[in-house]
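# Analysis of the macromolecular model
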Amino acid sequence: MAYVAFRDIRENLYGKLKRQLKDPEGIVARGWNIDEVKTPSELSGLRLPVNLLAYKYCPTNRDLYLNKVKGIRQPPTWPSYQGRLVHGLMLDILKSVRNYASRPHNIAKIDLLKYAQKRGRTLIENATINIDQETAKFKLRPSQAKKKEFVNNLHRLVRMESEIVSAFVDYTIATNEDINLESEFSRIFAFQQEICLNAGPLGLTPSIKPDFIYKPGDMVIMGEIKTGELKEFHKIGVAAYAMAYEYEEEVPVNFGIILNVAFRNRNVPIYKGTEAFVISDEYRKAFLNLRDQKLNMLKDGIEPERVPDKGQCKDCPYIDCC
Ligand code: SF4
């Protein structure tokens, strides 16, 4: 996540997005425009989490039917396991470093890099302690070499996040006489983590949690972390969180960011697929349409067909039990 703050400074992400937005007043499907965005009366009371409403792995929505009507839980897979651990590690490392920065310190002894790397190693150790037992349950089990490679990738992630965070903090220490490390840290890494949003009238379950919110200045940027192949519908998910925030806080969320983490033959992760975008009505209305389509399917309880082209099932978690 520290990468997002770095990219903002490096590329003036915030400025670019503002120029792209042109007319914030032109966005109609705001969360607070409740008559515009609430679920139709015949669907009111039906609620689902963002991933089930906004994501469309199955063109006929059969995955949702299997999950909610047949009660077949999404089977864990090696990619979903990796995604969960990358997610957790990114959030935990920043939280730990923030806690470190908020402690009283002798400024002469602060060594954030050392702390972050040590903490990162502990987090990886704890997260992967049961890797063999957990992956043994998967239908397609990863080899020992694959598991080792994945753990190495987690160390690459910690390396880069630690280096970015400590470089910024060291810069602040080197540049200022009087330093309040806690407030400097919050200013540079303006992330809000673990917030819960409640937007029942939009068809969303209580306490939905976006991965993070980035707030440089007076802006609110809704963020999601994704590993694996990016899908256009991930932006629809970000729009759903943005509308939920608008519903609850009555503050506009004009921008979203999908932080894409990948690994190849490098000593650092690849964030190349990361994309910041304007949450336009296109994404907002796509969410409302998908929501109504899916909730209607659940209300009527009619089993959707399997998709005729199996090629469309390749990323679906239900591929083995559809
Ligand atoms: S396996 Fe194919 S048909 Fe079945 S739920 Fe997944 S995408 Fe839909």
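Conventions and cut-offs
Residues numbered from 1 in each chain as written. Predicted model: local features only at pLDDT ≥ 70, side-chain atom pairs only at ≥ 80, totals over all residues. Helix = DSSP H or I, 4+ residues; strand = E, 2+ residues; numbered from the N terminus. Contact = placed C-beta atoms within 7 Å. Pairing = 2+ DSSP bridges. Axes fitted to C-alpha atoms, helices over the stretch in contact; angles between N-to-C directions. Parallel < 35°, antiparallel > 145°, perpendicular 65-115°, else oblique. Left-handed = near helix turned anticlockwise from the far one by under 90°. Core = buried A, V, L, I, M, F, W, Y, C linked by C-beta atoms within 7 Å. Buried ≥ 20, exposed ≤ 12 C-beta atoms within 10 Å, placed from the backbone. Nonpolar A, V, L, I, M, F, W, Y, C, P; charged D, E, K, R; others polar.

## A few points about the environment of Lys 215
Its place among the elements puts Lys 215 in the loop between strand S2 (212-214) and strand S3 (221-227). Discounting chain neighbours no more than four positions away, the residues touching Lys 215 are Ala 190, Gln 192 and Val 220.

## Some thoughts on the sheet that holds S3
An order of S1-S2-S3-S4-S5 is seen for the five strands of this open sheet, with the pairing classed as mixed. Single-partner strands in this sheet number two, and they are strand S1 (191-193) and strand S5 (275-278). Across the sheet, the mean angle from the axis of one strand to that of its neighbour is 25°, orientation sign disregarded. Note that S3 and strand S4 (residues 255-261) share seven bridges and pair parallel. Note that in S4 the partner of Glu 224 across the bridge is Ile 258. The strands touched by helix H2 (residues 13-21) are S4 and S5; relative to S5, the strand with the most contacts, the crossing angle is about 35°.

## Quick word on the packing of helix H6 (residues 78-102) against helix H9 (residues 144-175)
Contact pair H6 / H9: the axes reach a minimum separation of 11 Å and the direction vectors enclose 30°. It follows from the interaxial angle that H6 and H9 lie roughly parallel. The element H6 and its partner H9 pack so that their crossing is right-handed. Side by side, H6 and H9 meet where Gln 82, Leu 85, Val 86, Leu 89, Ile 93, Val 97 and Ala 101 of the first sit next to Phe 150, Leu 154, Leu 157, Val 158, Glu 161, Val 165 and Val 169 of the second.

## Focus: the nonpolar core
Within the largest apolar cluster, 67 residues are counted, with the highest numbers of intra-cluster contacts made by Ala 239, Ala 240, Tyr 241, Ala 242, Met 243, Ala 244 and Phe 287. Examining the composition of this core, we find that ten residues originate from one element, helix H11 (residues 233-249), more than from any other.

## Digging into the packing of H11 against helix H12 (residues 281-300)
Running from N to C, H11 and H12 cross one another at 90°; their axes reach a closest spacing of 8 Å. Classified by the angle between their axes, H11 and H12 sit roughly perpendicular to one another. Judged by residue contacts, Lys 235, Ile 236, Ala 239, Ala 240 and Met 243 of H11 engage Tyr 283, Arg 284, Ala 286, Phe 287 and Leu 290 from H12. Of the residues assigned to the contact of H11 with H12, the class counts are eight nonpolar, no polar and two charged.

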